[in-house]
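Structure assessment
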Protein chains: 2
Amino acid sequence: MVGVDPGEALELLKSVSFGRIVFTEQALPAIRPVNHVVDGGDIVIRTHGGAALASHALPPGEAGAGGVVVAYEADVIDPDTHLGWSVVATGYAHLVTDAEEVARYRAMLRPWVSGAKDFAVRIRPQQITAVRLTSAAT
Amino acid sequence: MVGVDPGEALELLKSVSFGRIVFTEQALPAIRPVNHVVDGGDIVIRTHGGAALASHALPPGEAGAGGVVVAYEADVIDPDTHLGWSVVATGYAHLVTDAEEVARYRAMLRPWVSGAKDFAVRIRPQQITAVRLTSAAT
């Protein structure tokens, strides 16, 4: 693996439209695929049913709301050669509550489930790392 | 999304050779891509440098070693249509320490880094779930 600088990591993340949100649910590690957009330096996802995530990812400024720390991962890895890259961002997640913002993100982000109530969640990366996956033989 | 039964979930996992291990590192959610094999009903991964994972994923029977709970995710998702599937297994991770087993898994699992010390870790799924990702329009 070869490290990649944070700016390039964000560009890699922008180059794809889905990844995986990692959080804690009932004290257990949880992960699910979601769609994302990169908005400025933030990652915004649209997720449904993630009640644990939504209930912890309070809007900024709400009582007790430092938000919840999550990891977000996206990658492009060739299934045969296993070459590619993986980006991991870690930071606080907050519910997007502003109606205009919610509408904007809904238009930008495809949902994976029709009919289900879903949420827009913004992740502000505190740390973003990326690796290029290279062959062990090289 | 459409649910899939656990037997089928394991078959989906067998059909691919890498996924993502989710664990806790310094109290933060961590995730990294790894290669896997399914051995019986267990998932065995080869990981390097995951010192936090390796140090917590004690061999079975060691003092204080219930092991550490991890999640393991693999998916095949079309980058354009976003159709596909995602499997998530949750369970205790244990270091593989038996020399013969380590040698066997090393032969089965490609590493991603040459030269780095790596570990074989066995995950015994307590729970395995899978979803088929379908279009929101259907």
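Anything mentioned here points back to the structure above.
This section reports on the structure supplied with the text. (Residues numbered from 1 in each chain as written. Chains lettered and ligands numbered in written order. Predicted model: local features only at pLDDT ≥ 70, side-chain atom pairs only at ≥ 80, totals over all residues. Heavy atoms only, no water.)

So, the relation of the copies chain B and chain A
Worth spelling out the cut-off: When the copies are superposed, the least-squares fit draws on C-alpha atoms of residues that have pLDDT of at least 70 in both. Only heavy atoms enter the contact rule, under which two residues are in contact if any of them lie within 4.5 Å.
It takes a turn of 180 degrees to lay chain B on chain A, together with a shift of 0.0 Å along the axis; the resulting RMSD is 0.0 Å. Taken together, the turn and the small shift mark the pair as related by a two-fold rotation axis. Take the interface residues of chain B: 100% of them recur as interface residues in chain A, which is what a same-surface contact looks like.

Notes on the interface of chain B and chain A
Spelled out, the test is: By buried area we mean the combined loss of accessible area, with a 1.4 Å probe, across both parts when two parts are placed together. Whenever a carboxyl oxygen of Asp or Glu lies within 4 Å of a side-chain nitrogen of Lys or Arg, that contact is scored as a salt bridge. Two N or O atoms count as a polar contact when they lie within 3.5 Å, although within protein this holds only if one can serve as hydrogen donor and the other as acceptor, and sequence-adjacent residues are included solely when both atoms are side-chain atoms.
Residue-level contacts link 33 residues of chain B with 33 residues of chain A. Summing the contributions of chain B and of chain A, the shared interface buries around 3,000 Å²; its carbon and sulfur component is 66%. The largest share of the area that chain B buries against chain A comes from I31, H82 and W112 of chain B, three residues that together contribute 24% of it. Our count for the contact surface shared by chain B and chain A stands at four salt bridges. A salt bridge links E73 of chain A to R20 of chain B; the nearest nitrogen and oxygen atoms lie 3.5 Å apart. Remark: the boundary between chain B and chain A carries seven residue pairs in polar contact (both at pLDDT 80 or more).

Points about the layout of surface pockets
It is the rolling of a water-molecule-sized probe over the atoms that shows where space remains empty. Under the convention used in this document: Computed over the protein atoms alone on a 1 Å grid, cavities are sets of points where a 1.4 Å probe fits but cannot get out and pockets are open sets with protein on both sides within 12 Å along at least five of seven lines; a residue lines them when it has an atom within 4 Å of a point. Grid points are joined across faces, edges and corners, and a volume is the space filled by probe spheres set on the points. Helix and strand assignments come from DSSP, with helices taken as H or I runs of at least 4 residues and strands as E runs of at least 2, each series counted from the N terminus. Gly is placed with the polar residues, together with every amino acid not listed as nonpolar (Ala, Val, Leu, Ile, Met, Phe, Trp, Tyr, Cys and Pro) or charged (Asp, Glu, Lys and Arg).
Volume-wise, the largest pocket comes out at about 520 Å³. Along the walls of the largest pocket sit 18 residues, with E25, I31 and R32 of chain A together with V88 and T129 of chain B positioned nearest its centre. Secondary-structure elements contributing two or more residues to the lining of the largest pocket are β3 (28-39) of chain A together with β6 (84-95) and β7 (118-133) of chain B. When residues in the lining of the largest pocket are grouped by element, the largest group, six residues, is from β3 of chain A. In the lining of the largest pocket, the residues fall into ten nonpolar, six polar and two charged.

Some remarks on helix α1 (residues 6-14) of chain A
Residues and elements named next belong to chain A. Spelled out, the test is: Partly exposed describes any residue whose relative accessible area lies between the buried limit of under 20% and the exposed limit of over 50%, with all areas from a 1.4 Å probe on protein chains only and scaled to the type maximum. Directions drawn from the helix axis to the C-beta atoms are what define this arc.
Where α1 is concerned, the buried positions are A9, L10, L12 and L13. Along the long axis of α1, the arc covered by the buried residues comes to 155 degrees, so they all point the same way. Buried residues in α1 make contact with β1 (2-4), β3, β4 (42-48), β5 (68-77), β6 (84-95) and β7 (118-133). Between the side-chain oxygen of the N-cap and the backbone nitrogen of G7 there are 3.0 Å, and the N-cap of α1 in question is D5.

Section: the side chain of N35 of chain A
On the secondary structure map, N35 of chain A appears in strand β3. Take N35 of chain A: its relative accessible area is 3%, and that puts it in the buried class. A polar contact of 2.7 Å, which involves the side chain of N35 of chain A, links it to the side chain of H82 of chain B. Apart from residues lying up to four places away in sequence, N35 of chain A is in contact with S17, F18, V44, I45, R46, Y72, L109, R110, P111 and W112 of chain A together with H82 of chain B.

Details of the pairing of β3 of chain A
All names here are of chain A. Cut-off, in case you're wondering: If DSSP finds at least two bridges between two strands, the strands pair.
When you tally the buried positions in β3, you get nine out of twelve residues, the bulk of the element. Judged from the eight bridges that link them, strand β2 (residues 18-25) and β3 form a sheet pairing that is antiparallel. Bridging from a neighbouring strand, F18 pairs with N35 of β3. Connecting β2 to the antiparallel partner β3 that follows it, the hairpin turn spans two residues, and Q26 within it adopts a positive phi of roughly 50 degrees.

As for the environment of I77 of chain A
Within the fold, I77 of chain A resides in strand β5. The exposure class of I77 of chain A is buried, given its relative accessible area of 10%. Placed 29 residues apart in sequence, I77 of chain A and H48 of chain A show a C-alpha to C-alpha distance of 26 Å. Excluding its chain neighbours within four sequence positions, the residues that come into contact with I77 of chain A are H82, L83, G84, W85 and L133 of chain A together with F18, P33 and W112 of chain B.

Re the environment of A89 of chain B
Residues and elements named next belong to chain B. In this fold, A89 is placed in strand β6. Given the relative accessible area of 0%, A89 is considered buried. Distance from A89 to E73, taken between C-alpha atoms, is 6.5 Å for residues 16 residues apart in sequence.

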